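# Structural description and commentary
What follows is each chain in one-letter form.
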Amino acid sequence: MLEKNIIYDVLTAAVSKGADFAEIFLDDTVASNINYVDKQVESTQSGRDFGIGIRVIKDLNCVYVYTNSFLKDDMIDTALKAAAAMESVKKDITFDLRKGQVKNRNIIEIMPDTVTKQEKLEYLKRAYNAAITYDQCIKQASVTQMDKVQNILIANTEGLLKRDRRVYTRMFISAVAEHNGEMQTGFTGPGSHRGFEFIKSLDIEQLAKEAAETAKKMAYAGYCKAGTYPVVIDNGFGGVIFHEACGHSLEATSVAKGNSVFCGKSGQKIAADCVTAIDDGTLPNEWGSLNIDDEGTVTKKNVLIKDGILKSYLIDNLNGKRMGMPSTGSGRRQNYRFAPTSRMTNTYIDAGKMKREDIISATDFGLYAKQMGGGSVNPGTGEFNFAVVEGYMIRNGKIAEPVRGATLIGKGSEVLMNIDMVADNLEMAQGMCGSISGNIPTNVGQPAIRVSKIIVGGR
Amino acid sequence: MKQLIAKLFEQGRLMGFTDMEVLTNTNESFEVKIYEQQIDSYKVTDSRGMGFRGVYDNKMGYSYTEKLSEDSIDILLEDARQNAIINDNPDQDVIFEGSKEYKKVENWFPALEKVTVEEKIRFTKDMERFALSVDSRIKSCPYCVFGSSSGSTAMVNSKGLDLSDKGNAVFCYISVLAQDGQDYSSGVAFDFSSDFSELNPENLAKEAAEKALSYLGVGPVPTGTYKAVMLNDASADILGAVSSCFSARAVQKGMSFLKGKLGTKVASEAVTIVDDPFLPGMSGTGSFDGEGVATKYKEVIKDGVLKTYLHNLKTAKIDKTESTGNAGRSYKSNIGVTPTNMYFAKGNKTFDQLLETMDEGIVITEVSALHSGFNDISGDFSLPAKGYTVKNGKKDKYFRQITISGNYFKMLTDITEVGDDLKFATDGKIGSPSLLISEISVAGA
């Protein structure tokens with residue numbers, strides 16, 4: 001990707017005006033996508049993202065520069081720009097670049113670029129047909145398949161030199177149902193840190209059916225009643241509640257500067273006893289998994305909360321320096337255009353012992369959130385919100401009529417304490433998480449849980 | 001660059017492409033973030049990308065690269081060819097020979113390039129210092145940022161089109177965190193301009209700080225239906241989320257609520273929504289669109305009646321009409337449809353007059369979760385919001401932790417007055433004045 005002597009020269013230029021540390025992140029990514037709508041290829045794109053990001057640190061100050069140029073002189077110019085911004089008393093930094101081995105936990109069988117677009121298209125057509133023929137009320141379907149091969153090289157003035165390759169494959173299926181002139185959508189979007197074998201392993205027809213079924217149910221549903229009451233959130237994408245309500249506030253990005261409600265709470269009780277939460281970047285071939293993070297640190301399994309007690313934050317190198325704590329392998333970025341910061345990988349609430357059915361039957365009145373949509377949080381205040389894509393009322397311990405338009409809002413610190421039941425059906429789901437270092441693939445996950453009370457926005 | 005494109009077209013022709021086009025974007029940007037009066041991050045970027053598209057066997061194929069060198073030519077052409085082969089769409093994009101006339105837009109401001117890094121850093125530090133000095137309950141400024149960027153777009157095709165636009169702008173953003181005991185509250189303020197001297201760090205700091213302080217210790221209002229004034233900021237954010245409904249492509253695909261509504265009343269008479277590519281210094285401003293078609297001013301909704309969808313060449317051909325100059329494209333994307341600068345036309349009441357007219361009700365100052373709480377096909381929304389109650393036409397009590405819900409297109413028919421305080425969202429292209437709405441559903445306490 002880049003010769004060792006060029007890397008050395010660029011790093012040397014970057015620290016030439018008095019920084020403590022410099023790092024290169026070279027990113028060479030090949031991406032492909034196809035979108036199929038209305039029995040036609042609506043769009044199809046292929047391309048190459050290529051660039052080099054250079055980060056220079058002095059004390060706790062950080063300068064980040066990037067360029068798309070692949071010419072040595074341009075890279076050195078870019079590095080000198082960064083160096084100039086840090087101008088101070090020059091100190092001598094000497095380093096040797098030692099090529100580090102990266103243990104590959106994410107085995108890829110079929111590289112996506114070895115599969116023709118025609119072959120990929122066949123899967124899209126199957127999904128489209130299954131969704132559109134599900135029911136007369138399904139008026140439209142849109143299917144997208146994307147894959148990405150990211151080749152990275154990370155080197156720094158501490159002598160680190162590592163390369164890695166990340167392969168992502170994902171399929172999105174959405175269906176639109178219409179009833180009485182109103183339109184509702186349903187959606188499935190499985191993804192993996194795998195190659196095209198992942199698409200081959202999917203039950204495409206079943207996934208399309210699930211999307212269409214959600215759309216149909218919601219098109220026929222009435223509006224959810226607004227109020228504060230118990231909510232049972234099912235497994236899989238339901239884990240977005242932890243991601244938003246708690247995960248972001250445990251990132252050193254917020255914690256290091258004291259801008260999180262969980263600052264200084266290490267070792268303290270921040271959640272109900274039944275809550276254990278984990279961030280694990282080591283799970284083989286999971287969507288949020290990495291062999292090494294975007295600073296070159298080997299990823300880990302981090303227990304964030306154990307039986308309600310806060311055990312660990314998610315930490316990158318620079319914020320770790322601020323906090324006096326080591327990296328947890330959580331430094332991530334979308335691509336060369338972003339400096340890394342602490343982010344989640346695969347984050348989930350661990351399985352409990354109850355059965356989902358028992359949680360429902362223990363709930364006299366409430367909302368059953370079968371499928372969640374996206375959400376957001378303000379880490380400073382802990383205020384979060386997220387949308388219920390497919391919901392049902394619970395009446396007398398039974399799942400009753402479907403409802404739409406529900407949003408759950410609250411404060412992370414409160415909702416964690418209000419989780420009173422955790423089932424055993426742990427499952428993960430894929431999402432794209434957006435924050436200051438860009439959009440990155442992350443898994444959310446949980447078994448079915450009950451929150452004893454939460455504000456439900458509806459009508 | 002010229003040489004590279006010439007070579008690309010030459011090899012493309014040998015490969016069997018008939019018409020071809022290259023779109024090049026370049027961008028240089030600077031961004032500084034201050035935390036506790038120190039430079040927390042400092043970013044300088046220089047980037048470019050090239051998008052190629054070409055007609056192969058009467059079908060269009062797309063590809064792009066960020067590595068602008070001769071060794072990328074083969075991959076660009078082969079990728080585009082592969083994409084053309086599977087492109088079975090009966091309605092194909094076309095390479096355009098050019099419009100008769102292109103209006104000159106004012107989007108490049110030489111004075112901006114003379115603002116020094118020191119001035120930018122001083123501005124950002126001032127902004128943070130002012131915010132922290134407003135009140136002892138202001139704890140920190142998690143984001144205190146100043147940025148500038150300048151970029152260009154150039155389009156060259158084998159039908160002789162050769163167009164370029166360039167633009168620059170500066171922006172600043174501050175978020176403030178306030179704390180009182182165990183309660184936290186945050187507030188943000190932002191501005192962007194084509195004139196550095198128009199930005200005022202003190203006013204922005206005060207705005208963000210006051211927003212954060214106002215919501216400390218407050219809870220929700222009771223669940224119910226309220227008369228409401230939607231503040232300009234909040235309304236602009238929501239219009240941004242719904243803007244894809246105006247795309248003729250979304251309509252043709254049955255993925256817009258506005259399907260079949262052309263020429264009908266879709267909003268109250270108070271509502272006129274404009275798409276204007278000629279506003280100086282805005283991010284949606286440009287003389288040509290993503291297909292090289294000359295952009296134009298249009299009223300999408302006039303006095304409540306839906307006048308036009310937004311079209312590119314392909315959607316216009318399907319609807320047997322003309323392109324409205326709304327083809328959207330970056331070097332990484334296929335042709336789509338996008339608004340230029342879209343906004344509600346101003347009314348004539350001041351914000352205070354809107355409150356007086358409403359008399360009793362609520363003001364929605366801020367909404368969030370637009371990416372998840374908004375259905376951009378149906379217009380259904382359920383969004384967390386903040387605001388304050390209004391009694392006898394005056395501000396009464398602040399509230400937060402509520403959600404507002406409804407349907408955007410129903411809401412358009414419930415707008416009774418439009419204010420004169422037009423403001424654009426952080427993206428610099430979608431704007432709104434404050435709106436008086438006859439009823440809005442609130443989930444709260």
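Residues numbered from 1 in each chain as written. Chains lettered and ligands numbered in written order. Predicted model: local features only at pLDDT ≥ 70, side-chain atom pairs only at ≥ 80, totals over all residues. Heavy atoms only, no water.

## Describing the domain arrangement of chain B
All names here are of chain B. Where we set the bar: Each domain's extent was defined by an automatic or database domain assignment. Should any heavy atoms of two residues lie within 4.5 Å, those residues are considered in contact. Note on terms: buried area is the combined drop in 1.4 Å-probe accessible area of two parts once they are placed together, counting the loss on both. Counted as salt bridges are all cases of a side-chain nitrogen of Lys or Arg within 4 Å of a carboxyl oxygen of Asp or Glu.
Taken domain by domain, chain B holds domain 1 (2-213) and domain 2 (217-239 + 346-443). Distance between the C-alpha centres of domain 1 and domain 2: 30 Å. Opposite the eight residues of domain 1 that make contact, domain 2 presents ten residues. Summing both partners gives a buried area of about 670 Å² for domain 1 against domain 2, and 47% of it is carried by carbon and sulfur. Ranking the residues of domain 1 by area buried against domain 2 places Asp183, Phe190 and Phe192 at the top, with a combined share of 60%. Counting every contact that joins domain 1 to domain 2 gives one salt bridge.

## Details of the packing of helix H1 (residues 2-15) of chain B against helix H2 (residues 73-86) of chain B
Residue and element names in this part refer to chain B. For the record, the criterion: Working convention: axes come from line fits to C-alpha atoms, limited for helices to the stretch in contact. Angles between N-to-C directions cover 0 to 180 degrees. Runs of H or I in DSSP of at least four residues are treated as helices and runs of E of at least two as strands, each being numbered from the N terminus. Orientation labels follow simple angle bins: below 35 degrees gives roughly parallel, above 145 gives roughly antiparallel, 65 to 115 gives roughly perpendicular, and whatever is left gives oblique. Handedness of each helix crossing follows the sense of rotation of the near helix against the far helix: counterclockwise by less than a right angle gives left-handed, clockwise gives right-handed. Classification used: nonpolar for Ala, Val, Leu, Ile, Met, Phe, Trp, Tyr, Cys and Pro, charged for Asp, Glu, Lys and Arg, polar for all others including Gly.
For the pair H1 and H2, the least separation of the axes is 10 Å and the interaxial angle reads 45 degrees. By the criterion of interaxial angle, the relationship of H1 to H2 is oblique. For H1 against H2, the interelement crossing comes out right-handed. Contacts between H1 and H2 involve Leu4, Lys7, Leu8, Gln11, Gly12 and Met15 on the former and, on the latter, Ile73, Asp74, Leu76, Leu77, Glu78 and Arg81. A breakdown of the residues in the contact of H1 with H2 according to their chemical character gives six nonpolar, two polar and four charged.

## Focus: the pairing of strand E6 (residues 160-179) of chain A
Residue and element names in this part refer to chain A. The condition is simple: With a 1.4 Å probe rolled over the protein chains alone, any residue whose accessible area is under 20% of its type maximum counts as buried; one over 50% counts as exposed, and the rest are partly exposed. Here, any two strands with at least 2 DSSP bridges between them count as paired.
Where burial is concerned, most of E6 is hidden: 15 out of the 20 residues are buried. By the bridge criterion, two bridges tie strand E4 (residues 98-99) to E6 in an arrangement that is parallel. What sits directly across from Lys99, in E6, is Leu161. Across two bridges, E6 lies against strand E8 (residues 191-192) in antiparallel orientation. Looking at E8, one finds that Thr169 is bridged to Ser192. Sheet analysis places E6 next to strand E7 (residues 182-188), joined by seven bridges and oriented antiparallel. Each residue of the ladder has a partner; that of Ile173, found in E7, is Thr188. Where E6 folds back onto E7 in an antiparallel hairpin, the turn is made up of two residues, including Asn180, whose phi is positive at roughly 50 degrees.

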